[in-house]
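If you want the building blocks of each chain, they are given just below.
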Amino acid sequence: MTLLIQAAGITDIGLVRKNNEDNFGYDPRHGIFVVCDGMGGQAFGELASKIAVDTVLDFFRQDHSTAPVGGDRFEGLSARAVTLASAIQSANQTIHESGARDPNHAGMGSTIVAVAVDGNLFSVANVGDSRVYLIRNKDVIQLTNDHSLVMEQVRRGLMTLEEAEQSKMQNVIVRALGTDDSVEPDLADHEFNPGDVLLLCSDGMSRYVKQEKMAEAVNQDSLEKACADLIEAAKAGNSDDNITCLLIRAVHPSWKDRFLGRLSTSGGQKTST
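First, a word on what this report is: a plain description of the structure on this page.

Conventions adopted
- Residues numbered from 1 in each chain as written.
- Predicted model: local features only at pLDDT ≥ 70, side-chain atom pairs only at ≥ 80, totals over all residues.
- Heavy atoms only, no water.
- Buried < 20%, exposed > 50% of the residue type's maximum accessible area, 1.4 Å probe, protein only.
- Helix = DSSP H or I, 4+ residues; strand = E, 2+ residues; numbered from the N terminus.
- Pairing = 2+ DSSP bridges.
- Salt bridge = Lys/Arg side-chain N within 4 Å of Asp/Glu carboxyl O.
- Disulfide = S-S within 2.5 Å.

**Thoughts on the pairing of strand S6 (residues 131-136)**
For S6, the tally of buried residues reaches five of six residues, placing the bulk of the element in the interior. Pairing analysis gives five bridges linking S6 to strand S9 (residues 197-201), with the strands arranged antiparallel. By the bridge assignment, Ile135 is partnered in S9 with Val197. Here S6 runs beside strand S7 (residues 139-142); their pairing, made up of four bridges, is antiparallel. In the strand pairing of S7, Tyr133 is matched with Gln142. Counted between consecutive antiparallel strands, the loop separating S6 from S7 contains two residues, among which Asn137 sits at a positive phi close to 60°.

In structure tokens, the structure reads:
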């Protein structure tokens, strides 16, 4: 049976920053969900993250080829995942070209995590250190790998995870949208179980909210309330960054949903801007 997909998201400026460089958006009709964390100072990080969200959403609303924009080939992955890669490469090009045209925009960029859903299947893509977690029952599984300096050192055995979590270099990322003329996202295909929740978030949340709290927060009927609880948990943990949370839940449709043919959340685009 095809599962019903529910979603909700919140972004918050946080306790320290003067502007919000995070953006998120989702379009359930086209099965696309995105969180981005901009960088570049002043308003340009905010611009980069908005370009990324808008480009990926628009890409999924249009007829598109499964050939990746950057010419790379992704073997062993679904067409859905390859389309996600193409959308992200298109966003990278748009941000990079904007930076090249306007010297004030030079150096702006953004992280991205995105989920593409098709029935009971979903694909995950990421560039940078924003994350996707799968919360299944009470287990929390990180589905993405950070493209950060400290996590590269952890993967090479040069630093422990505990050292990385305490490092002052946590915010140094080694891969982002817009910084080069091409980018290679990490990609993976997965399958929903009934009751699964996906948490997409910027590092203003992931660095300050324990996984136990994530599992606790999503264990309630209202995804909007769960998002709000997670934002408050990040603030309580003294997050010094913008904070964004987007939740996706897969549930058995009720008899009414089945009768009306509702297998995804209603409505079109939802964005943070």
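**Some points on the pattern of salt bridges**
Proximity of charged atoms lets side chains of opposite charge pair with each other. Counted under the stated rule, the structure contains 13 salt bridges. One salt bridge in this structure joins Lys235 and Asp12, with 3.2 Å as the shortest N-O distance. Highlighted residues: Lys235 in helix H7 (residues 223-236) and Asp12 in strand S1 (residues 4-12), separated in sequence by 223 residues. A salt bridge links Asp241 to Arg17; its shortest N-O distance comes to 3.5 Å. With Asp241 in the loop between H7 and strand S10 (243-251) and Arg17 in the loop between S1 and strand S2 (22-27), the pair connects residues that are 224 residues apart, well separated along the chain. Accessibility expressed as a relative area gives 37% for Arg17, which makes it partly exposed. Residues joined by salt bridges that share partners form a network here, namely Asp12, Glu232 and Lys235.

**Focus on the state of the cysteines**
One pass over the full model with this rule turns up zero disulfides. The thiol of Cys201 is not disulfide-bonded; the next cysteine sulfur, from Cys245, is found 7.1 Å away. With relative accessibility at 0%, the residue Cys201 sits in the buried group.

These values are about where atoms sit, not about what they do.
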